[in-house]
Amino acid sequence: MKSLSIRNLSKTYFDPYAGKHVTAVQDVSIEVPEGEFVSIVGPSGCGKTTILNMVAGFLPVSGGEIVVDGRAVSGPGPDRGVVFQSHALFPWKTVLENVAFGPKMRGVGPKEREAIARDYLALAGLSHAADRYPNELSGGMQQRVGVVRALANEPAVLLMDEPFASVDAQTRMTLQEELTRIWQERRPTIIFITHDVPEAVFLANRVVVLSKGRVLEEVEIDLPRPRSWETLIEDERFKTLSSRVLQLVRSA
Amino acid sequence: MSAALSVNPFLRLWSGYLRLVARRPALGQILPFVPLVALWAGVVEAGLFPRAFFPGPVDVVRSFVDLTWKGILPAYLEDSVVRLAVGAAAGILTGIPLGLLVGLNATAHRALWPILLFFQAIGDIAWLPLLIIWFGFGLETMTFVIVYTVLFPIVLNTVLGVRSIPLDMHRAAQSLGAPKWRIVAEVVIPGALPNIITGLRNGLGYGWRALIAAEMIVGTSGVGFMMFDARRAGSVVEILLGMIILGLLWYAVDALILAPLERATGRRWGLVAQ
Amino acid sequence: MSAVGNIGAGRSAASERVRAAFSFLLPLFVLLVVWEATVRIFDVHPGIFPGVGPVLRAGAESVANGTLFLHIAASFGRVLTGTTLAILVGVPLGILMGVSPGVSTVLTPLFRFFSVLAGIAWIPIATLWFGYGFGAITFVIFNAVFFVVAYNTLLGVSGIPHALRNAAWSLGADRKTMLFEVLLPGALPNIVTGIRTGLGFAWRGLIAAEMIATNMGLGYMLFLARDFYRTELIVFGMVVIGILWLLIDRLILAPLERRTIERWGLVR
């Protein structure tokens, strides 16, 4: 896993319906050193998903640059794994085939990529679901597979776009704890987009608060690991940090 | 892509088109035909094919005006539309009750479902020879074919709709004190309505084609007859005119009858037909 | 509500299928009995409607002298040629249109118009352009399937969630993989539905066109029988047409559609 720099990134696009140019992101710089977990929070429309889509390469940048592992990037690529809010699993592929898709694209042989996929499924406790279709899984399991699929491609950085927004509260907490566990085990570099402040604080080393397409402030999260909701829910430091971030978001 | 703020002229044009279409959706359905008709006219003017074999839009419009002036076209159009309307009405009036019966009654379902599937599979047009023997070349034959064609999609979809209503809804109505016939009226029919309308759409789609075929084979009037008569005379213009009229007529049926019905039921209630 | 028969847990899948086939065929058998009884009791003239016996005899005769198979082969050859061509042209075109939202904005209304006209309405002009026979009829079938398949493919491709395409890009897919592993499977349920609908139109178009424009095929067989007032041959032909379509639809198209849609949980 490698580092990611976002330098003076901006995005203006031509809105064909409005007939004019719109600025969505303006001069945003974010440094994510190797192995760090950064959350980006902000109200809807603040440009956080636009930034992620540019980093992922789904949208062309209007200005600035994105550097992964020392190289400027343009267009989507396997060095940046993406976890989508809508899980985006291929409905016509089994769980195993979904996870093996990335290695297959890299030209890994059938035997080997199945081994890789099974290995990663085991990491998330999903071995039993390998031969099922995404449609046959619960929402929480679908999201787990989405995370595993991105990880199995061994990306330099992992980009997560509100991945837990559409699962129930109980499952979300479990998924968050699992994600911190996996992060501690493998130390991937992660950018995590969310509008849920406690989630951002719980997961990250650093929270970037965004407002109207600009970085409002960055907050260091110096909470000890391993983290679990059981201990943090009563933790004073967690409460202070959360309310500080919340105030920033609400002022945004 | 560059960050330059200048926009190329094609993009401007395109954005203008999108805005126009967003404001007047009807134009989005019409404007795409402009280049197509232009292309058609261009090919004809270029003289790639003999004009009698492949006439242009101007010829078709001229023949439209001519046939309308003589009163032939309006009369044929009326014949076709009346036949379709009568057939559709008869199909609906028998199809929905039959569908409700087959959908609600297990015994009726077991006994009639295979028979319905089989008769649907035979297909309307295959009845024509037998019908000609029975009724001759006339109105009865055509009416039978259209009713037959419209009937089956409506029955089959009504059954589907009735059987897709959740059991809990029956139970809810029962526990709120509704007697059996009220459950049918207040729960079953509205619940099956989106499917019934889908059936009506399919039925009219098939019935429409059957009508054209019947008019070609047994007809003495109607748009299908006009096209086939033109074919015998080798008049491509009138064939093309007939095709365009058939297309437009279907648009009218869709826009004036089917689409409003669908909007009023399925989409409004968040039920998705089909 | 309708009581679904209690399915014994111990019964094997095979005997379950036999049971299902039996309960499907029983009403049809009853229909056969009612038909024969009606003809006998009311002493229906065979020129109006024949009994079961004459129909079976006419069927046996046409099987024995080989004409039935010639007609079926002719009809199937046309359907197969027209449908294959239509799929080969319609699916790639539909995908091409579906990938670009701009192109589909412009082309969708055109395709709606032409899929409304598809099939029978083309018979007069097809017979003028191609003459009576194989060419005209195959064209009508091609046309009935082509527009519906292309239109449904377009709908299918543009209905694939954008996140799925992004996911494939970000996992390192190239254009070829995108086509074969994302766009085609994603649009497959719609493509199958399109083929099913299109074939439904094509089958009717075939019968109609064969009545008008050829001297071979099932439609022609019926129409020829009408010339000689041979109702028993007409009824036999109708039964053959019904059975053939049921077989095509229930054994090939419907299972294909169900498999893709239900297993994948795709909602159209």
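Just so you know, these numbers come straight off a predicted model, no measurement behind them.

Visitor: Would you take a moment to explain the overall build of chain B for this structure?
Guide: Of regular secondary structure, chain B possesses 12 helices and zero strands. Counted from the first residue to the last, chain B has its helices and strands arranged as α-α-α-α-α-α-α-α-α-α-α-α. For 274 residues, the compact-globule formula gives about 19 Å, and the C-alpha radius of gyration of chain B, at 24 Å, lies well above that figure. Taking the principal axes of the C-alpha coordinates as reference, chain B spans close to 70 × 70 × 30 Å. Counting over 274 residues, chain B shows a buried share of 48%. Considering only intrachain contacts with a sequence separation of at least 6, the fraction spanning at least 24 residues in chain B is 69%. Summing over all exposed atoms, chain B offers an accessible surface of approximately 13,500 Å²; the carbon and sulfur share of this is 69%. Computed over 20 positive and 14 negative side-chain charges, the inter-centroid distance for chain B is 12 Å.

Visitor: I keep staring at the packing of aromatic side chains and nothing clicks. Help me out?
Guide: Two aromatic rings are characterised by how far apart their centres lie and by the angle between their planes. Evaluated as defined, the whole model comprises 34 aromatic pairs over all chains. Relative to F139 of chain C, the ring of F130 of chain C lies with its centre 5.1 Å away and its plane at 35 degrees, an arrangement referred to as tilted. You can call F130 of chain C partly exposed: its relative accessible area is 44%. Site record: aromatic cluster; members linked through ring pairs are F118, F119, W127, W134, F135, F144, Y148 and F152 of chain B together with W35 and F49 of chain C. Just above the ring of Y206 of chain B sits the side chain of R204 of chain C; from NZ or CZ to the centre is 4.2 Å. Looking at R226 of chain C, its charged tip hangs above the ring of F223 of chain C, at a distance of 4.9 Å from the centre.

Visitor: Please clarify how the packing of helix α4 (residues 110-123) of chain A against helix α5 (residues 139-152) of chain A should be interpreted in this entry.
Guide: When two helices pack together, their arrangement is given by the angle between their axes and by how far apart the axes lie. Residue and element names in this part refer to chain A. In the contact formed by α4 and α5, the axes pass within 10 Å of each other and the chain directions differ by 135 degrees. Comparing their axes, α5 and α4 come out oblique. Considering only the axes of α4 and α5, their crossing is right-handed. Across the interface between the two elements, I116, Y120 and L121 of α4 pack against V148, L151 and A152 of α5.

Visitor: I would appreciate a short explanation of the domain arrangement of chain B in the present structure.
Guide: Many descriptions give the size of an interface as the accessible area lost when the pieces come together. Residue and element names in this part refer to chain B. Per the domain assignment, the segments making up chain B are domain 1 (9-46) and domain 2 (57-269). For domain 1 and domain 2, the distance between their C-alpha centres works out to 32 Å. Opposite the four residues of domain 1 that make contact, domain 2 presents five residues. For the domain 1 and domain 2 pair, buried surface summed over both sides reaches about 390 Å², with 83% attributable to carbon and sulfur atoms. Seen at the junction of domain 1 and domain 2, the total is zero salt bridges. Here domain 1 and domain 2 share zero residue pairs in polar contact (both at pLDDT 80 or more) between them. Residue composition of the side of domain 1 that touches domain 2, grouped by class: four nonpolar, no polar and no charged.

Visitor: What is the right way to read the interface of chain C and chain B from this model?
Guide: Taken together, the contacts link 57 residues of chain C with 60 residues of chain B. Counting the surface lost from both chain C and chain B, the interface buries some 5,500 Å², and carbon and sulfur atoms represent 78% of this. In this structure, the connection of chain C to chain B is made through two salt bridges. Our count for the chain C to chain B interface comes out at five residue pairs in polar contact (both at pLDDT 80 or more). Counting only elements with at least two residues in the side of chain C that touches chain B, the list comes to α1 (13-41), α4 (101-117), α5 (123-130), α8 (175-213), α9 (218-227) and α10 (231-264) of chain C. Of the residues that constitute the side of chain C that touches chain B, the class distribution is 42 nonpolar, 11 polar and four charged.

Visitor: Mind showing me how you'd approach the pattern of salt bridges here?
Guide: Any two side chains of opposite charge can pair, on the condition that their charged atoms come close. Tallying each qualifying case throughout the model produces 31 salt bridges over all chains. Note that K70 of chain B is salt-bridged to D66 of chain B, the shortest N-O span being 3.3 Å. Linking K70 of chain B with D66 of chain B, this pair stays in helix α4 (residues 57-70), spanning four residues, or about one helical turn. The class for K70 of chain B is exposed, based on a relative accessible area of 54%. A relative accessible area of 36% places D66 of chain B in the partly exposed class. R226 of chain C serves as the salt-bridge partner of D227 of chain C, at 2.9 Å between the closest nitrogen and oxygen. Several salt bridges share partner residues, and in doing so they unite E36, R206, E218 and E220 of chain A into one network.

Visitor: What is the right way to read the packing of helix α10 (residues 180-218) of chain B against α8 of chain C from this model?
Guide: Running from amino to carboxyl end, α10 of chain B crosses α8 of chain C at an angle of 10 degrees, the nearest separation of the two axes being 10 Å. Between α10 of chain B and α8 of chain C, the angle is such that the two are roughly parallel. For the pair α10 of chain B and α8 of chain C, contact is made by G205, Y206, R209, A213, M216 and I217 of chain B and by T197, G200, F201, R204, A208, M211 and I212 of chain C, respectively. Residues that form the contact of α10 of chain B with α8 of chain C fall into these classes: eight nonpolar, three polar and two charged.

Visitor: Looking at this structure, I do not really get a nonpolar patch on the surface. What am I missing?
Guide: All names here are of chain C. Together, F22, L26, F29, V30, L32, V33 and V34 make up a nonpolar patch on the protein surface, roughly 640 Å² of accessible area in all. Summarising the element assignment, V30 is placed in helix α1. You can call V30 partly exposed: its relative accessible area is 44%.

Visitor: So what exactly am I meant to see when it comes to helix α3 (residues 33-46) of chain B here?
Guide: Note: α-helices contain 3.6 residues per turn, so residues at a spacing of three or four share the same orientation. Residues and elements named next belong to chain B. Relative to the 20 Å expected for 14 residues at 1.5 Å per residue, α3 spans 20 Å between its end C-alpha atoms, a close match to the ideal helical length. Among the residues of α3, those classed as buried are F33, W40 and V44. One side of α3 carries all its buried residues, which in axial view fall inside an arc of 35 degrees. Seen from the buried face of α3, the exposed residues on the opposite side, beyond 90 degrees, are P35, L39, E45 and A46. Downstream of α3 by a residue or two, G47 has a phi angle that is positive, lying close to 75 degrees.

Visitor: When you look at the interface of chain A and chain C in this model, what are you seeing that I'm missing?
Guide: Every contact between the two is made by 24 residues of chain A and, on the other side, 20 residues of chain C. Taking both partners together, chain A and chain C bury about 1,900 Å²; carbon and sulfur atoms supply 67% of that area. Viewed at the interface, chain C and chain A are joined by two salt bridges. As a salt-bridge pair, K93 of chain A and E181 of chain C come within 2.5 Å of each other at their nearest N and O atoms. Our count for the contact surface shared by chain A and chain C stands at four residue pairs in polar contact (both at pLDDT 80 or more). Mapped by element, the contributors of at least two residues to the side of chain A that touches chain C are β6 (80-83) and α3 (101-105) of chain A. Each residue belonging to the side of chain A that touches chain C can be placed in one class, and the counts come to 13 nonpolar, five polar and six charged.

Scoring rules and cut-offs
- Residues numbered from 1 in each chain as written.
- Chains lettered and ligands numbered in written order.
- Predicted model: local features only at pLDDT ≥ 70, side-chain atom pairs only at ≥ 80, totals over all residues.
- Heavy atoms only, no water.
- Helix = DSSP H or I, 4+ residues; strand = E, 2+ residues; numbered from the N terminus.
- Rg over C-alpha atoms; globule rule 2.2 N^0.38 Å.
- Buried < 20%, exposed > 50% of the residue type's maximum accessible area, 1.4 Å probe, protein only.
- Contact = heavy atoms within 4.5 Å.
- Areas by Shrake-Rupley, 256 points an atom, 1.4 Å probe, with all protein chains shown as cover.
- Lys, Arg positive; Asp, Glu negative; His and termini not counted.
- Charge placed at Lys NZ, Arg CZ, Asp CG, Glu CD.
- Phe/Tyr/Trp six-rings, centres within 6.5 Å; stacked < 30°, edge-to-face > 60°.
- Lys NZ or Arg CZ within 6 Å of the ring centre and 35° of its normal.
- Axes fitted to C-alpha atoms, helices over the stretch in contact; angles between N-to-C directions.
- Parallel < 35°, antiparallel > 145°, perpendicular 65-115°, else oblique.
- Left-handed = near helix turned anticlockwise from the far one by under 90°.
- Domains from an automatic or database assignment.
- Buried area = accessible area lost by both parts, 1.4 Å probe.
- Salt bridge = Lys/Arg side-chain N within 4 Å of Asp/Glu carboxyl O.
- Polar contact = N/O pair within 3.5 Å; in protein donor to acceptor, adjacent residues only side chain to side chain.
- Nonpolar A, V, L, I, M, F, W, Y, C, P; charged D, E, K, R; others polar.
- Patch = residues over 30% accessible without salt bridge, like charges linked within 9 Å, V, L, I, M, F, W, Y side chains within 5 Å.
- Expected span 1.5 Å × (residues − 1).
- Arc of directions from axis to C-beta.

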